[in-house]
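In case you want the letters, here they are:
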Amino acid sequence: MTIFLASLFLPKTVYFKLPATSSSRERKSQRQSGKKISKRPPLELRTSLFPDPTITPPKTPDDEEVRIDDALFVNEDGLRVVNVSDDEEFRAPTDEESPKWGGRPNQPKSQANLPPPASLLEHARTLEKAKELGRQGIIQPRVTRSDSHDRVFAHADWRIVNADQGNGGLRNAAEAAARAGYPEEYSWVGTLGMPTDALEGTQQKEEINDRLVTEFNMYPVFCSDKDFDGHYLHFCKQILWPVFHYQIPDNPKSKAYEDHSWQFYVNLNQAFADKIVKNWKRGDTVWVNDYHLLLVPGMIRKKLPDAKIGLFLHVAFPSSEVFRCLAVRKLLLEGMLGANLIGFQIHEYTRHFLQTCSRLLTVEATPDGVQLEDRFVNVINHAIGIDPLSLDAHRKDEEVTRWIGIMRERYKDKKIIVARDKLDHVRGVRQKLLSYELFLNKNPQWRDKVVLIQVALSTGEKTDLDAAVGDIVTRVNSSWANLAYLPLVYLKQDIPYSQYLALLTIADALMITSQREGMNLTSHEFIVCQDGQFCDRKHGSLILSEFTGTSSLFGGKELSVNPWSYRQCSDAIKKALEMSDEEKAERWQGLRDVIGHHTGAQWFSKFLASLDHVYEEQHRHDQTSVPRLNLNVLGQRYTRSQNRLFFLDLEGTLIPYGPMNEIIPMNPQRTMDVLNDLVDDPRNTVYVMSGRRPEELDRLFRVVPNLGLIAENGCFIKLHGRGIWTEIADHDQVASWKESVQGILQYYLERTPGSEIEDRNCSLIFHYKNADDFANAERQASDWTGHINESCEEQRVHAFQLDNCVVVESIDWTKETAAAQAYDATSKEVQQTRGGAVDFLMVIGDGREDEKVYRWANNLRSNGEVKEVVTVSLGSRNTEATSTLTQGVSGVLVTLQKLAGLF
């Protein structure tokens, strides 16, 4: 069996040695020897804005040039990776960042067109400027690519090296699991992280594909440069990433209005799905990772209905109010629901996803997952972690030790606060620096004694945030710096991995103020580096935003802050610096224990184990896998038993669906006769379960003596042989949540003429069948359901949709709880009267609310409490029942009549 790990970027990529260019090392050698490096003059493509090109100010070197010379690259997970040889060990850091795609000299250039402007206003200005230049006779030639640039790759030498892009946390977890003995083989599926149009139709492309597959067990996905550019740089980074991190597209510069990039997203996802389907064998597992590939599970499911598919989202999942801003929201959700198991980092994201599915797709969402029409999709949350063993090995590197010594000497009399973030609005760098400025203003005794080292990873785009952060840095340093002291060290560049580990080791505090983040594994690495093994500074404090997924794991051992509260962040800095050694050690130990439990290897193995488990469960409960009820075998099991207990659903099982005032005049005499025949056998105890009120059931079954009844889906019970009803539900608790829910329903009632609210003893039902605008009411029903589930979750209330209505009831009292109480009462009665035990249990139903009763009954058999257990479903969806009946109400009555005739 093979596990296909699908991630946008492969762990390997290809570097070409072009014959007409010198390597970065050669250029560096030439500079050191004093030799002049000749460069061809640039081609003039348009009239210069300067009268004399010789006086044009020189271009400031960008970070791309620095990367090339240093052979260091920033990867999507945050740190630079040195790619020197094929044998070098991959060093994967932990938060998300990526280098410029298609901008490296040793890889092909992208043939994709330039991106559209950031806003409609900018587009209009660009168009007007072009028209004006045209009127002036100035021609703006289109920049074209040289064919020779593409042809050179057809014969250039190439080598496969460790990639500097991709999900480093996933790679580390996979490698750690393999070292820990995970038995299954896994293969990677992803792109090369470089433009590939230049390789189209060349021998190089086939050779690269063959070598990656045979030597590295990696399946490269080749897509056009246009598709990748539109998918990654446009749809993922400009639409999905902001929305998933609560950056609602409500400003003129947002690109969320654009739909041109959606098709590119679809195209790349389809390329992934086709690659996996082509290589899939029965028994293989497909594991899709992150928001770049949300459509892949659904695409694979269409072609491989029986495939085992998992999906894990490494970023946050927003609330339904935010997610619904996406124009393609339903298509994304339907793509995700092609998986058997969907994983999220923490419970909050799981809850948001379930509520979003319920609200936007009008499907039933339970705590365990989403019930679709023909199958169930399980949903779990399990946080990813780091690989402490690999981190410890890197900490022993001589370069790390050297930098620890340098920084200890440089800051020997100072307290050091360390921060490293991508410079965007999500990471909260501006809020952090303002909080630090406030701390220095409020605490003059700490001036000249503390330094904040902020490493900022540039996004490559000039933004207002860049200028704002620069102003804050200048203001802080101009206010409190002197010849021997700089309170704020601001590096708008990344640092080598050795320096990064050295910083985490010598820091007195790590400060993370993300406004929203799926996880933050930098905090995990900081805790590991603070064990005092390589430095006398140990047990530093962790200042962590409450809006990171990691915050929910640490149980208050960190200093949790709201990044929008500058005062709270300032106070946290003061507390971190002044905390006693004993408290620091206690907090550190608690955090270290959590990190030891949530490791990358453990996350990797547990998710795949959960996928295997839910896949088996889902297939066992699939309607096509559940056998039809065998009446001959049932009759034999029935006659062998002496103490029988029946739980029979009412609506859709014993009688057709319909209003009670229509059912009673129909006089379902056949149903009553069958029940009377069953009850006449003293060895039989029969309960009818319903969502109806107790008084309605009394009127309907008044002709059937000794019949046990369960009303309002488990809130009331009339025990077998007794004439009084018992309220199982807590009346005061029900009254409390009803008051809250009625206010919500009243709001929608006033805006939905023709609808009505039915107030039952333990539930509320919003009927909109007779609404003046039924179509609108039907569309809005999912909003009502989601509103109640989100607002009243703590009150243990659940809202769900049925035909033409929304039902709200407690989750603590169900048919299962009532059935368990009836079983206990029957067991005691049988023990007292006949000295035996219940040895035959039969449950028949047709609705989703009956599934819990099936599960409970099946557990009684597996635990050995009841010898014969028969659970029967009439529905067409997957079920917990062990058998099915396809003849509906008539089939149930025939079955019960035959059993009664055996008496």
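Before any of the text, the structure's been laid out above.
Let me sum up the structure you'll find in this document.

Quick notes on the rules
Residues numbered from 1 in each chain as written. Predicted model: local features only at pLDDT ≥ 70, side-chain atom pairs only at ≥ 80, totals over all residues. Heavy atoms only, no water. Axes fitted to C-alpha atoms, helices over the stretch in contact; angles between N-to-C directions. Helix = DSSP H or I, 4+ residues; strand = E, 2+ residues; numbered from the N terminus. Left-handed = near helix turned anticlockwise from the far one by under 90°. Contact = heavy atoms within 4.5 Å. Pairing = 2+ DSSP bridges. Polar contact = N/O pair within 3.5 Å; in protein donor to acceptor, adjacent residues only side chain to side chain. Buried < 20%, exposed > 50% of the residue type's maximum accessible area, 1.4 Å probe, protein only. Arc of directions from axis to C-beta. Expected span 1.5 Å × (residues − 1). Salt bridge = Lys/Arg side-chain N within 4 Å of Asp/Glu carboxyl O. Phe/Tyr/Trp six-rings, centres within 6.5 Å; stacked < 30°, edge-to-face > 60°. Lys NZ or Arg CZ within 6 Å of the ring centre and 35° of its normal. Parallel < 35°, antiparallel > 145°, perpendicular 65-115°, else oblique. Nonpolar A, V, L, I, M, F, W, Y, C, P; charged D, E, K, R; others polar.

### Brief notes about the packing of helix H15 (residues 429-442) against helix H19 (residues 566-578)
At step 1: For the pair H15 and H19, the least separation of the axes is 8 Å and the interaxial angle reads 65°. Helix-helix and strand crossings are classified by hand; for H15 and H19 the assignment is right-handed. Residues Arg-430, Gln-431, Leu-434, Ser-435, Tyr-436, Leu-438, Phe-439 and Lys-442 of H15 form the contact with H19, whose own contacting residues are Tyr-566, Arg-567, Cys-569, Ser-570, Asp-571, Ile-573, Lys-574 and Leu-577.

### Quick notes on unusual backbone geometry
At step 1: One non-glycine residue, Tyr-246, lies in the positive phi region at around 65°.
At step 2: Structurally, the position occupied by Tyr-246 is in the loop between helix H7 (225-244) and helix H8 (260-279).
At step 3: Of note in the backbone geometry, Asn-706 takes a positive phi value of approximately 60° without being a glycine.
At step 4: Relative to the helices and strands, Asn-706 is located in the loop between helix H25 (694-700) and strand E22 (708-711).

### Some remarks on the sheet that holds strand E28 (residues 805-810)
At step 1: As summarised here, the arrangement of the four strands in space is E25-E26-E28-E27, forming an open sheet in which the pairing is antiparallel. Each of the sheet's edge strands pairs with one partner strand only, and the pair in question is strand E25 (756-759) and strand E27 (797-802). Neighbouring strand axes in the sheet, compared pairwise and without regard to direction, differ in orientation by 20° on average.
At step 2: The strands that helix H27 (residues 774-791) touches are strand E26 (763-767), E27 and E28; relative to E27, the one it contacts most, it runs at about 170°.

### Some thoughts on the side chain of Ser-435
At step 1: Tracing the backbone shows Ser-435 in helix H15.
At step 2: At 2.8 Å, the side chain of Ser-435 and the backbone oxygen of Gln-431 are in polar contact.
At step 3: Residue contacts for Ser-435: discarding those within four places in its chain leaves Met-511, Tyr-566, Cys-569, Ser-570 and Ile-573.

### Details of helix H22 (residues 631-640)
At step 1: Along H22, the residues classified as buried are Leu-634, Gly-635 and Tyr-638. Each buried residue of H22 lies within a common arc of 100° when the element is viewed along its axis, so the set occupies one face. Exposed and oriented more than 90 degrees from the buried face of H22 are Asn-632 and Arg-640.
At step 2: The opening residue of H22, the one whose side-chain oxygen lies 3.1 Å from the backbone nitrogen of Asn-632, is Asn-630.

### What to know about H27
At step 1: End to end, H27 covers 25 Å across 18 residues, agreeing with the expected 26 Å (1.5 Å per residue, within 8%).
At step 2: Looking only at H27, the buried set comprises Ala-777, Ala-781, Ser-782, Asp-783, Trp-784, Thr-785, Gly-786, Ile-788 and Asn-789.
At step 3: Those residues of H27 that are buried lie in contact with helix H12 (347-361), helix H26 (731-750), E26, E27 and E28.

### A few points about the pattern of salt bridges
At step 1: The final tally for this structure, using the stated rule, is 39 salt bridges.
At step 2: The partner of Arg-359 in a salt bridge is Glu-321, and the shortest N-O contact between them spans 2.7 Å. Taken together, the residues Arg-359 in helix H12 and Glu-321 in helix H10 (residues 320-323) connect sequence positions 38 residues apart.
At step 3: Residue classification places Arg-359 among the buried residues on the basis of a relative accessible area of 9%.
At step 4: Taking relative accessible area as the criterion, Glu-321 reaches 42% and is therefore assigned partly exposed.
At step 5: Sharing partners across several salt bridges, the network here consists of Asp-649, Lys-815, Glu-849 and Asp-850.

### Considering the packing of aromatic side chains
At step 1: The final tally for this structure, using the stated rule, is 37 aromatic pairs.
At step 2: Consider the rings of Trp-262 and Tyr-265, whose centres lie 5.7 Å apart with planes at 20°: the pair is stacked. Of this pair, Trp-262 and Tyr-265 both sit in helix H8, three residues apart, roughly one helical turn.
At step 3: For Trp-262, a relative accessible area of 14% puts it in the buried group.
At step 4: When the centroid spacing of 5.7 Å and the interplanar angle of 80° are considered together, the rings of Tyr-768 and Trp-784 count as edge-to-face. With Tyr-768 in the loop between E26 and H27 and Trp-784 in helix H27, the pair connects residues that are 16 residues apart, well separated along the chain. Summarising the burial analysis for this pair, Tyr-768 and Trp-784 share the class buried.
At step 5: Grouping aromatic residues by their ring pairs yields a cluster made of Tyr-182, Tyr-186, Trp-188, Trp-287, Phe-312, Trp-603, Phe-604 and Phe-607.
At step 6: For the cation-ring pair, Arg-644 lies above Tyr-638, with the distance from its terminal atom to the ring centre recorded as 3.8 Å.

### Description of the side chain of Glu-851
At step 1: Mapped onto the elements, Glu-851 comes out in helix H29 (residues 851-862).
At step 2: Those residues in contact with Glu-851 that sit more than four places away from it in its chain are Asn-878, Thr-879, Glu-880 and Ala-881.

### As for the packing of helix H24 (residues 669-680) against helix H30 (residues 888-901)
At step 1: At a closest axis distance of 9 Å, the pairing of H24 and H30 adopts a crossing angle of 30°. Taken together, the axes of H24 and H30 lie roughly parallel to each other. In this structure, the crossing between H24 and H30 has a hand that is left-handed. Contacts between H24 and H30 involve Arg-670, Thr-671, Val-674, Asp-677 and Leu-678 on the former and, on the latter, Ser-890, Leu-893, Val-894, Leu-896, Gln-897 and Ala-900.
At step 2: A per-class count over the contact of H24 with H30 returns six nonpolar, three polar and two charged.

The quantities given are spatial measurements derived from coordinates; they are silent on function.
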